[in-house]
Amino acid sequence: MSYLSPLQTKIKSKEAIIGIVGLGYVGLPLLLRYREIGFKVIGIDIDSDKVSKLKNNISSIEHISGERIKKINQADKCLFTDNFKFISDCDAIILCVPTPLKADLEPDLSFVIKTLDSLMPFVKKGQIISLESTTYPGTTDEEIVSRLENKKFIIGEDYFVVYSPEREDPGNINFSTSNIPKICGGFTKSCLIAGMSLYEPAIEKVVPVSSTRTAEMTKLLENIHRAVNIGLVNEMKI
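Residues numbered from 1 in each chain as written. Predicted model: local features only at pLDDT ≥ 70, side-chain atom pairs only at ≥ 80, totals over all residues. Heavy atoms only, no water.

K.L.:
Pulling in residues and values, what's your account of helix 1 (residues 4–12)?
P.N.:
Every α-helix winds through 3.6 residues per turn, so residues three or four apart in the chain are directed the same way. Every buried residue of helix 1 is accounted for by Leu 4, Leu 7 and Ile 11. Buried residues along helix 1 cover an arc of 70° about the axis, so they all sit on one side. Its buried side turned inward, helix 1 meets strand 5 (128–131), strand 6 (160–163) and helix 7 (189–199). Remark: Lys 14 follows helix 1 within two positions and exhibits a positive phi of approximately 65°. (Buried < 20%, exposed > 50% of the residue type's maximum accessible area, 1.4 Å probe, protein only. Helix = DSSP H or I, 4+ residues; strand = E, 2+ residues; numbered from the N terminus. Arc of directions from axis to C-beta. Contact = heavy atoms within 4.5 Å.)

K.L.:
Which residues make up the packing of aromatic side chains, and what are the values?
P.N.:
Counted under the stated rule, the structure contains two aromatic pairs. Summarising the aromatic geometry, the rings of Tyr 34 and Phe 39 are spaced 5.5 Å apart at their centres and angled 85° between planes, so their arrangement reads as edge-to-face. The exposure class of Phe 39 is buried, given its relative accessible area of 0%. Each ring, one from Phe 153 and one from Tyr 159, has its centre 5.4 Å from the other, and the planes form 10°; the classification is stacked. For the pair Phe 153 and Tyr 159, one class covers both residues: buried. (Phe/Tyr/Trp six-rings, centres within 6.5 Å; stacked < 30°, edge-to-face > 60°.)

K.L.:
An account of the nonpolar core is requested, with residue identities and associated values reported.
P.N.:
Side chains that are nonpolar tend, in soluble globular proteins, to be buried together. Core analysis: the largest hydrophobic core is formed by 68 residues, its most contacted members being Ile 18, Tyr 34, Phe 80, Ile 93, Ile 129 and Leu 148. Among the elements that take part in this core, helix 7 stands out by supplying six residues, more than any other. Dropping the residues within four chain positions of it, Tyr 34 is found in contact with Ile 18, Phe 39, Val 41, Ile 94, Leu 198, Tyr 199 and Ala 202. (Core = buried A, V, L, I, M, F, W, Y, C linked by side-chain atoms within 4.5 Å.)

K.L.:
Run through empty space enclosed by the protein, naming residues and quoting values.
P.N.:
The final tally for this structure, using the stated rule, is one cavity of 30 Å³ or more. The volume enclosed by the largest cavity comes to roughly 110 Å³. Around the largest cavity, the lining residues are Val 26, Leu 30, Glu 132, Glu 166, Arg 167, Glu 168, Thr 177, Ile 180, Pro 181, Lys 182 and Ile 203. Considered class by class, the residues forming the lining of the largest cavity number five nonpolar, one polar and five charged. (1 Å grid on protein atoms, 1.4 Å probe; cavity = no way out; pocket = protein on both sides within 12 Å on 5 of 7 lines; lining within 4 Å. Points joined across faces, edges and corners; volume = space filled by probe spheres on them. Nonpolar A, V, L, I, M, F, W, Y, C, P; charged D, E, K, R; others polar.)

K.L.:
Could you give me a rundown of the packing of helix 6 (residues 139–150) against helix 8 (residues 212–237), with the residues and numbers involved?
P.N.:
Direction vectors running N to C along helix 6 and helix 8 enclose 130°, while the axes themselves pass 8 Å from each other. Looking at the two axes, helix 6 sits oblique to helix 8. On the side of helix 6, the interface is formed by Thr 139, Thr 140, Asp 141 and Glu 142, while helix 8 contributes Thr 212, Arg 213 and Glu 216. The class makeup of the residues in the contact of helix 6 with helix 8 is no nonpolar, three polar and four charged. (Axes fitted to C-alpha atoms, helices over the stretch in contact; angles between N-to-C directions. Parallel < 35°, antiparallel > 145°, perpendicular 65-115°, else oblique.)

K.L.:
Break down the sheet that holds strand 1 (residues 17–21) for me, citing the residues and quoting the values.
P.N.:
Taken in spatial order, the eight strands line up as 3-2-1-4-5-6-7-8 in an open sheet, and their pairing is mixed. Looking at the sheet topology across the chains shown, the edges are occupied by strand 3 (78–81) and strand 8 (206–209). Pairwise comparison of adjacent strand axes, ignoring direction, gives a mean angle of 20° for this sheet. The sheet contact formed by strand 1 and strand 2 (residues 40–44) spans five bridges and is parallel. The partner of Ile 17 across the bridge, within strand 2, is Lys 40. (Pairing = 2+ DSSP bridges.)

K.L.:
How would you summarise the layout of surface pockets if you had to cite specific residues and measurements?
P.N.:
Considered as a void within the structure, the largest pocket measures approximately 660 Å³ in volume. As for the largest pocket, its lining consists of 30 residues, and the residues nearest its centre are Val 97, Pro 98, Thr 99, Pro 100 and Ser 133. Elements with a minimum of two residues in the lining of the largest pocket: helix 5 (110–119) and helix 8. For the lining of the largest pocket, the residue count by class is 17 nonpolar, nine polar and four charged. Here the lining of the second largest pocket is built from residues that sort into five nonpolar, six polar and four charged.

K.L.:
Explain helix 5 to me, and be specific about the residues and the numbers.
P.N.:
Restricting attention to buried positions, one finds in helix 5 the residues Val 112, Thr 115, Leu 116 and Leu 119. The buried residues of helix 5 all sit within an arc of 100° when viewed along its axis, so they share a single face. Those residues of helix 5 that are buried are in contact with strand 1, strand 4 (92–95), strand 5 and helix 6.

K.L.:
Account for the pattern of salt bridges, naming residues and giving values.
P.N.:
Under the counting rule described, the total for this entry stands at twelve salt bridges. The shortest N-O distance in the salt bridge between Arg 68 and Glu 36 comes to 2.8 Å. Of the two residues, Arg 68 sits in helix 4 (residues 66–74) while Glu 36 sits in helix 2 (residues 27–36), which places them 32 residues apart along the sequence. Judged by relative accessible area, Arg 68 falls into the partly exposed class, the value being 29%. Here Glu 36 falls in the partly exposed class, since its relative accessible area comes to 43%. When salt bridges that share partners are traced, they join Asp 117, Glu 143 and Arg 147 into one network. (Salt bridge = Lys/Arg side-chain N within 4 Å of Asp/Glu carboxyl O.)

Here is the structure:
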């Protein structure tokens, strides 16, 4: 049995519950976007202090006002929590946790891995999970798909996995979550279809690519391009 069609139907009718894990400069704007277009949302963060502030309409992000958070809190279709048990209530899970570099410049996947270990006991068939954190090609397959396959899930039939890198530009008044084009790559063709269905209601332009690894590489390429340009300008200034 394929869960693709029922999942698409729930998303299209906005009956799907969207879970956002990681409520920083990527996750919080995405959660606000989904709630403001009519989805029920659950925001999960391991920082209980941050969760408490969000419940009290206090934003930790400069360009997001407390009034905007207050509006979604009053709508009774938003839950902020540090408890991963609510993952079982979600139809879609979007991971927006940080991936900093270690002192030796190796990527630090500890936040991703800890998050996956925390949510795996609560995942269920029929969900889609999307990783947005910047990382190297192969991470989605090696860290997410492998864990789900260990639970005897069939990826592309009863569970769907995509990688869709964040492309936030914090504080830019001309570009926001909704109008920055977004890449989406699926582990299978069915996963890609599910991923496109998930993001298209919230993002004006979603660009499909052939695989999760391709999507991961696009994010590295964009970051490399930016770093080279910034480095060049700094050298010219000197």
